[in-house]
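Observations on the model geometry
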Amino acid sequence: MVKYGLDYTRCRWILPLLLGIGVIFGIIALAGRGWLESQTLPYVQQASLWQSCRRPEQGGEWSCESLMGYAWGRAAAATYLVGFLLLVICFALAIIAFAIDTLRFNFIRGIGGLLFVAAVFSIMGLVIYPVKFSSEMEMTGINMFSWAYGFGWTTAIMEICLGFFFCCLPNYEDQILGNVKPTYFYSSP
């Protein structure tokens, strides 16, 4: 990307594309019912960010309880949701920043800082949830934090990594814009 500059059409949209993938992973984490699941048969426990469901036996009906009745449930959902909303804002700002012909590198660095703030909120929600869920909710059988919870952590890791990319990109402004003269290594015989 640095070799060809951001005007190179295939490289220009890599960072906003990665932010878009992070938004998709965040949507999967928010909507997924697999934050906590039973590991072995009979499957008796299943939880999302919003509710916890359990059934007494294999063929029984699931009974669900909202986690929004607990203060820690509201805190985990609110902090993760704030982190996700900041990620969506960063995605929109990145599309605007990369659509303009003349890049504003300080604007790009601001997006990186906002991504770090989003990561802090996401990680707070991802830490509150398992700590308080396992200590305050009755769990039967062997349970594991599952695929939707993993998508939440993937989103948080992407926020951190993309924050570094957005913050470090202005350091290579001259190389990206092609303002540096090439250095040739030539030795005469």
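First, a word on scope: everything that follows refers to the structure included in this document. (Residues numbered from 1 in each chain as written. Predicted model: local features only at pLDDT ≥ 70, side-chain atom pairs only at ≥ 80, totals over all residues. Heavy atoms only, no water.)

1. Overview of helix α1 (residues 14–31)
Taking 1.5 Å of rise per residue, the 18 residues of α1 would be expected to cover 26 Å, and the 26 Å separating its terminal C-alpha atoms lies within 8% of that figure. Taken as a whole, α1 has its buried residues at Leu15, Pro16, Leu19, Gly20, Gly22, Val23, Gly26, Ala29 and Leu30. (Helix = DSSP H or I, 4+ residues; strand = E, 2+ residues; numbered from the N terminus. Expected span 1.5 Å × (residues − 1). Buried < 20%, exposed > 50% of the residue type's maximum accessible area, 1.4 Å probe, protein only.)

2. A look at the packing of aromatic side chains
The description of an aromatic ring pair uses the distance of the two centres, along with the angle that the planes make with each other. For the structure shown, the criterion picks out 14 aromatic pairs. Ring centres of Trp35 and Tyr80 lie 6.0 Å apart, and the angle between their planes is 90°; on these two criteria the pair is classed as edge-to-face. Of the two residues, Trp35 sits in the loop between α1 and β1 (36–38) while Tyr80 sits in helix α2 (residues 71–99), which places them 45 residues apart along the sequence. Taking the relative accessible area as the measure of exposure, Trp35 reaches 0% and is therefore buried. Judged by relative accessible area, Tyr80 falls into the buried class, the value being 1%. Through a chain of ring-to-ring contacts, the aromatic side chains of Trp35, Tyr70, Trp72, Tyr80, Tyr129, Phe133, Phe145, Tyr149 and Trp153 assemble into a single cluster. (Phe/Tyr/Trp six-rings, centres within 6.5 Å; stacked < 30°, edge-to-face > 60°.)

3. Quick word on the nonpolar core
Ranked by internal contacts, the top residues of the largest apolar core, which has 33 residues, are Trp35, Leu49, Phe98, Leu115, Tyr129, Phe133 and Phe166. Listed by contribution, the elements that provide at least two residues to this core are α1, α2, α3 (105–136) and α4 (147–168). In terms of residue count, the dominant contributor to this core is α2 (10 residues). With residues up to four places along the chain from it excluded, the contact list for Trp35 reads Ala29, Ala47, Ser48, Leu49, Leu126, Tyr129, Met144, Phe145, Ser146, Ala148 and Tyr149. (Core = buried A, V, L, I, M, F, W, Y, C linked by side-chain atoms within 4.5 Å. Contact = heavy atoms within 4.5 Å.)

4. Thoughts on the pattern of salt bridges
Throughout the structure, instances matching the rule amount to one salt bridge. Residue Glu136 pairs with Lys132 through a salt bridge whose shortest N-O separation is 3.1 Å. With Glu136 and Lys132 both in helix α3 and four residues apart, the pair spans about one turn of that helix. (Salt bridge = Lys/Arg side-chain N within 4 Å of Asp/Glu carboxyl O.)

5. Side note on the packing of α1 against α2
Look at α1 against α2: their axes get within 9 Å of each other, and the N-to-C directions meet at 155°. By the angle class used here, α1 and α2 are roughly antiparallel. Both α1 and α2 take part in a crossing whose hand is left-handed. Where α1 abuts α2, its residues Leu15, Pro16, Leu19, Gly20, Gly22, Val23, Gly26, Ile27, Ala29 and Leu30 lie against Tyr80, Leu81, Phe84, Leu87, Val88, Cys90, Phe91, Ala94, Ile95 and Phe98. (Axes fitted to C-alpha atoms, helices over the stretch in contact; angles between N-to-C directions. Parallel < 35°, antiparallel > 145°, perpendicular 65-115°, else oblique. Left-handed = near helix turned anticlockwise from the far one by under 90°.)

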